[in-house]
Amino acid sequence: MEEFWLIAGLGNYGREYDGTRHNVGFETLDRLLSDYNMSCDERFGKSLIAKGRIGDHKVILMKPQTYMNLSGEAVREGIDYYRIDPETHLIVISDDIDLPVGKLRLRKKGSAGGHNGLKNIVLHLGTDAFQRVRVGIGAKPNPQYDLADWVLGRPKGEERKTLDEGMDRAAKAVVEIMDSGIDKAMCDFNG
């Protein structure tokens, strides 16, 4: 039987979070939804999901509705219900303050790097061995700047354009992971 891919874009639900740096996971997922003519409007546990196909792959695109810091609860529900092997068939898309705006970092496993959504997924899965696509949102402008204000802020102008280009590439990277494997995608998209 063909196994589903679970692609979880991380973000915070609600209009007040639309367009914020922290929601690049949701926005990258929106590109996949648009490109493959799906809509993420089916309720599933603590998520909104879309089921469909991307090329030859059966996919579930997931937007956890738990707020960022509890993303693992929603991802765990999907993993359990659809019997997905997180090491081979889970891809998590998130923001990364340690990367320049729009830059990508693909990994097959590793630490959460201070990202609370990823930390919660590691906690709920009991492993850090899952593929992730991280999209750079840049560091806060100075050490005194509040981190929450930074990640929940909305980029404008050139920063927004660069971030949009990064999310476009992130959506392509997700497809390449499924088509060609994480190692090839890392070579093509990291840096």
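The structure displayed is predicted, hence computed values, not measured ones.

Draft legend 1. Fine view of the overall build of the protein chain. When helices and strands are counted, the protein chain shows seven helices and seven strands. For the protein chain, the sequential pattern of α-helices and β-strands runs β-α-β-β-β-α-α-β-β-α-β-α-α-α. Computed over its C-alpha atoms, the radius of gyration of the protein chain comes to 15 Å, within 12% of the 16 Å expected for a compact globule of 191 residues. The C-alpha extent of the protein chain, read off along each of the three principal axes, is 50 × 30 × 30 Å. Put simply, the protein chain has 191 residues, and 52% of those count as buried.

Draft legend 2. Representation of helix α2 (residues 71–81) in the model. Of all the positions in α2, only Ser71, Gly72, Ala74, Val75, Gly78 and Ile79 are classed as buried. Around the axis of α2, the buried residues are gathered within 160° of arc, so they sit on the same side. Of the residues flanking the end of α2, it is Arg83, one or two places downstream, whose phi is positive at about 50°.

Draft legend 3. Local environment of helix α7 (residues 182–189). Here α7 has its buried residues at Ile182, Ala185 and Phe189. Down the axis of α7, the buried set is contained in an arc of 60°. They therefore lie on one face. Those residues of α7 that are buried lie in contact with β6 (104–107), β7 (131–136) and α6 (157–180). Positive backbone phi, at 95°, marks Gly191, one or two positions downstream of α7.

Draft legend 4. Fine view of the nonpolar core. In terms of nonpolar packing, the biggest core is built from 34 residues, with Ile7, Leu32, Ile54, Leu61 and Leu106 touching the most fellow members. Beyond its immediate sequence surroundings of up to four residues, Ile7 is in contact with Leu29, Leu32, Ile54, Val59, Ile60, Leu61, Met62, Ile91, Ile93, Val174 and Met178. Ile60, Met68, Ile121 and Leu125 belong to the second-largest nonpolar core, a separate cluster that totals 21 residues.

Draft legend 5. Broad picture of the layout of surface pockets. Each pocket or cavity is described by its volume, and for the largest pocket that value is around 330 Å³. For the lining of the largest pocket, the leading source of residues is helix α5 (residues 147–151), giving three residues. A breakdown of the residues in the lining of the largest pocket according to their chemical character gives seven nonpolar, eight polar and four charged. The element contributing the most residues to the lining of the second largest pocket is helix α1 (residues 24–35), with three residues. Among the residues making up the lining of the second largest pocket, the classes are represented as four nonpolar, five polar and four charged.

Draft legend 6. Inspection of the pattern of salt bridges at higher detail. Applying the stated rule across the entire model yields 17 salt bridges. The salt bridge involving Arg15 is made with Asp18; its shortest N-O contact spans 3.9 Å. Residue classification places Arg15 among the exposed residues on the basis of a relative accessible area of 71%. The partner of Asp164 in a salt bridge is Arg160, and the shortest N-O contact between them spans 3.0 Å. Of this pair, Asp164 and Arg160 both sit in helix α6, four residues apart, which is roughly one turn of the helix. The class for Arg160 is buried, based on a relative accessible area of 17%. One connected set of salt bridges, linked through shared partners, spans Glu27, Arg31, Arg160, Asp164 and Asp168.

Draft legend 7. How the structure looks around the packing of aromatic side chains. Considering all chains together, one arrives at seven aromatic pairs under this definition. Aromatic side chains Phe44 and Tyr82 sit 5.5 Å apart centroid to centroid with 40° between the ring planes, which places their arrangement in the tilted category. Here the residue Phe44 occupies a position in strand β2 (residues 42–44), and Tyr82 occupies one in the loop between α2 and α3 (86–89), the gap between them amounting to 38 residues. On the basis of relative accessible area, Phe44 is assigned to the buried category, the value being 13%. Taking the centre distance of 5.9 Å and the plane angle of 85° together, the rings of Tyr145 and Trp150 count as edge-to-face. On the accessibility criterion, Tyr145 (33% relative accessible area) is partly exposed.

Cut-off values and rules
- Residues numbered from 1 in each chain as written.
- Predicted model: local features only at pLDDT ≥ 70, side-chain atom pairs only at ≥ 80, totals over all residues.
- Heavy atoms only, no water.
- Helix = DSSP H or I, 4+ residues; strand = E, 2+ residues; numbered from the N terminus.
- Rg over C-alpha atoms; globule rule 2.2 N^0.38 Å.
- Buried < 20%, exposed > 50% of the residue type's maximum accessible area, 1.4 Å probe, protein only.
- Arc of directions from axis to C-beta.
- Contact = heavy atoms within 4.5 Å.
- Core = buried A, V, L, I, M, F, W, Y, C linked by side-chain atoms within 4.5 Å.
- 1 Å grid on protein atoms, 1.4 Å probe; cavity = no way out; pocket = protein on both sides within 12 Å on 5 of 7 lines; lining within 4 Å.
- Points joined across faces, edges and corners; volume = space filled by probe spheres on them.
- Nonpolar A, V, L, I, M, F, W, Y, C, P; charged D, E, K, R; others polar.
- Salt bridge = Lys/Arg side-chain N within 4 Å of Asp/Glu carboxyl O.
- Phe/Tyr/Trp six-rings, centres within 6.5 Å; stacked < 30°, edge-to-face > 60°.

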